[in-house]
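# Structural overview
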Amino acid sequence: MNKDKIYKDLMVVLDTAVDLYTDFQNDMKTLCGKSCVCDLKVKKHNGDYNVVGIRRMLVKWAESLMENDPELPYTQPFHDFVQNKKKVFDSFYVRSGVEAVPTHEKIIGMLLDLLAESTFLEGRKPNPNFGLFIYELLRAKVKVQSFEKLQSLMSKLERPKGCKQYISLLRVKNRLMTHNHDVLVNFRYGDVLVAEIQICI
């Protein structure tokens, strides 16, 4: 099934993030300084990924797909997700911890249905808007003291030197005039991942 392939693809991405995390920490400190704080969004417990983390990644992916594909909210899987979301979350919060994993599995199953629906258009043609939009499995944060330092750091990210993994900028989001007061940068990290750094000032 298509959603089984999506789940396997997600596992490859998660495994890659875990494998590259040490390199990511070192590369970010090389570019941004020792004060740079790094985070891996999904953790393993006893050899398995935490279902909460998997659910979070799938939610992020679905949100990004909906930004790229305006038709997705009109599909049956999206309707099913909306109809069942409240019931599933009520069950998760009200019932005992014994129900937690099955509930997460229901949520993950619905999200996989939604993602599977978005991979094809009518007539089973590949949807050009579909992609693996998970931008923050590897995440870094650094604070700079001036706009000059921010510009200097952006220059380093644009032309990285001394890094173990390939880095290429994909998206820069200026949030300096918002309550975040930062610049959010997404960049290709290695062959598979898209990472994120938050530059605060």
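Now for a quick tour of the structure. These numbers come from a predicted model, not from an experiment. (Residues numbered from 1 in each chain as written. Predicted model: local features only at pLDDT ≥ 70, side-chain atom pairs only at ≥ 80, totals over all residues. Heavy atoms only, no water.)

## Some thoughts on the side chain of Gln198
Defined as follows: Helix and strand definitions follow DSSP, with helices as H or I runs of at least four residues and strands as E runs of at least two, each counted in order from the N terminus. Under the scheme applied here, a residue whose accessible area is under 20% of the maximum for its type counts as buried, over 50% as exposed, and between as partly exposed, the area being computed with a 1.4 Å probe on protein chains only. Any two residues whose heavy atoms approach within 4.5 Å at even a single point are treated as in contact.
Structurally, Gln198 is set in strand S7 (residues 193-200). Residue classification places Gln198 among the buried positions, given a relative accessible area of 10%. Setting aside chain neighbours within four positions, we find Gln198 in contact with Arg139, Ala140, Lys141, Val142, Arg175, Asp182, Val183 and Leu184.

## Observations regarding the sheet that holds S7
What counts here: Pairing between strands requires that DSSP locate at least two bridges from one strand to the other. Think of each axis as a best-fit line through the C-alpha atoms, taken over the contacting stretch in the case of a helix, with angles from 0 to 180 degrees between the N-to-C directions.
The strand order across the open sheet built from five strands is S1-S4-S7-S6-S5, with neighbouring strands paired in mixed fashion. Strands at the two margins of the open sheet, each flanked by one partner only, are strand S1 (37-40) and strand S5 (167-175). Each strand axis lies, on average, 20° off the axis of its neighbour in the sheet, ignoring direction. In this structure, S5 lies alongside strand S6 (residues 182-189), joined through eight bridges in antiparallel fashion. Bridging across to S6, Ser168 finds its partner in Arg188.

## Section: the pairing of strand S4 (residues 138-143)
A regular strand carries its side chains on alternate faces of the sheet. Residues Leu138, Ala140 and Val142 point to one face of S4 and are all buried, whereas Arg139, Lys141 and Lys143, pointing to the other face, are not buried. Here four bridges tie S1 to S4, and the two strands are oriented antiparallel to one another. Its bridge partner being in S4, Asp39 is matched across the sheet by Arg139. Bridge count for S4 against S7 is five bridges, and the pairing is parallel.

## Points about the environment of Ile108
Assignment of secondary structure puts Ile108 in helix H4 (residues 100-118). Residues Ile108 and Val59 lie 49 residues apart in sequence; the distance between their C-alpha atoms is 8.8 Å. With residues near it in sequence (within four places) discarded, Ile108 still touches Tyr7, Val51, Ile54, Arg55 and Leu58.

## Things to note about the packing of aromatic side chains
Both the distance between ring centres and the angle between the ring planes are used here to describe each pair of aromatic rings. In plain terms, the rule: For this analysis, a ring pair means two rings from Phe, Tyr or Trp (six-membered ring only for Trp) whose centres lie within 6.5 Å, classed as stacked if their planes differ by under 30 degrees, edge-to-face if by over 60, and tilted for the remaining angles.
Overall, the coordinates contain three aromatic pairs when judged by the stated rule. Between Phe24 and Tyr189, the ring centres sit 5.3 Å apart and the planes meet at 85°, which makes this aromatic pair edge-to-face. One end of the pair, Phe24, is in helix H1 (residues 2-32); the other, Tyr189, is in strand S6, and 165 residues separate them in sequence. Taken individually, Phe24 and Tyr189 each receive the classification buried, so the pair is uniform in this respect. Summarising the aromatic geometry, the rings of Phe187 and Tyr189 are spaced 6.5 Å apart at their centres and angled 80° between planes, so their arrangement reads as edge-to-face. An identical accessibility class is assigned to Phe187 and Tyr189; each is buried.

## Section: the packing of H1 against helix H2 (residues 51-68)
Threshold: Relative orientations are named as follows: roughly parallel for angles under 35 degrees, roughly antiparallel for angles over 145 degrees, roughly perpendicular for angles from 65 to 115 degrees, and oblique for any other angle. Whether a crossing is left-handed or right-handed is set by the direction in which the near helix is turned from the far one by less than a right angle, anticlockwise for left-handed and clockwise for right-handed.
Running from N to C, H1 and H2 point in directions that differ by 110°, and their axes come no closer than 12 Å. On the basis of the axis angle, H1 is roughly perpendicular to H2. Of the two possible hands of crossing, H1 and H2 adopt the one that is right-handed. From H1, Ile6, Tyr7, Leu10, Met11 and Leu14 reach across to H2, where they touch Ile54, Met57, Leu58 and Trp61.

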